[in-house]
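The residues making up each chain are set out below.
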Amino acid sequence: MAMVGALSACSTPPPSLEAAYQAEPHLTRFHMELKDSLKLTLTVTLLGVLHRS
């Protein structure tokens with residue numbers, strides 16, 4: 001739950017960042033949607049757990 005909450009806050013850019021994305025479109029490559037961020041985070045976490053087993 002904490003991971004989803006943190007990723008949700010990070011995946012919703014504030015208005016100032018939205019303005020930066022509009023002014024500099026190449027910056028949008030750094031923005032990840034919540035679904036993509038969650039999938040990547042869970043994959044990395046689970047691979048780390050499996051590696052220790």
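Before reading further, recall that the structure is shown in the block above.
These figures come from a predicted structure and were not determined experimentally.

**Q** Please set out the overall build of the protein chain residue by residue, giving values where relevant.
**A** Assigned secondary structure in the protein chain consists of three helices and zero strands. Ordered by position in the sequence, the α and β elements of the protein chain form the string α-α-α. What you see for the protein chain is a C-alpha radius of gyration of 14 Å, clearly larger than the 10 Å of a compact globule of 53 residues, by over 25%. The principal-axis extents of the C-alpha atoms in the protein chain amount to approximately 45 × 20 × 15 Å.

**Q** Would you mind going over a nonpolar patch on the surface in detail, with residue names and values included?
**A** A cluster of nonpolar side chains, namely Met32, Leu40 and Val44, defines an oily patch on the protein surface of about 270 Å² accessible area. Its place among the elements puts Val44 in helix α3 (residues 34–52).

**Q** Give a detailed account of the environment of Tyr21, specifying residues and quantitative values.
**A** In this fold, Tyr21 is placed in helix α2 (residues 15–23). Sequence spacing of Tyr21 and His31 is 10 residues, and the spatial spacing of their C-alpha atoms is 9.2 Å. Ignoring anything within four residues of it in the chain, the contact list for Tyr21 reads Pro13, Leu27, Thr28 and His31.

**Q** A description of the environment of Ala19 should follow, citing residues and the corresponding values.
**A** Here Ala19 is to be found in helix α2. In sequence terms Ala19 and Gly5 are 14 residues apart; their C-alpha atoms lie 24 Å from each other.

**Q** Any details on the side chain of Ser11? Residues and values, ideally.
**A** Looking at the element boundaries, Ser11 is found in helix α1 (residues 2–11). Note on Ser11: relative accessible area 12%, which makes it buried. Polar side-chain contacts of Ser11 include one of 3.2 Å to the backbone oxygen of Ser8. For Ser11, the contacting residues outside a window of four places in its chain are His31, Met32, Glu33 and Leu34.

Conventions we followed
- Residues numbered from 1 in each chain as written.
- Predicted model: local features only at pLDDT ≥ 70, side-chain atom pairs only at ≥ 80, totals over all residues.
- Heavy atoms only, no water.
- Helix = DSSP H or I, 4+ residues; strand = E, 2+ residues; numbered from the N terminus.
- Rg over C-alpha atoms; globule rule 2.2 N^0.38 Å.
- Patch = residues over 30% accessible without salt bridge, like charges linked within 9 Å, V, L, I, M, F, W, Y side chains within 5 Å.
- Areas by Shrake-Rupley, 256 points an atom, 1.4 Å probe, with all protein chains shown as cover.
- Salt bridge = Lys/Arg side-chain N within 4 Å of Asp/Glu carboxyl O.
- Contact = heavy atoms within 4.5 Å.
- Buried < 20%, exposed > 50% of the residue type's maximum accessible area, 1.4 Å probe, protein only.
- Polar contact = N/O pair within 3.5 Å; in protein donor to acceptor, adjacent residues only side chain to side chain.

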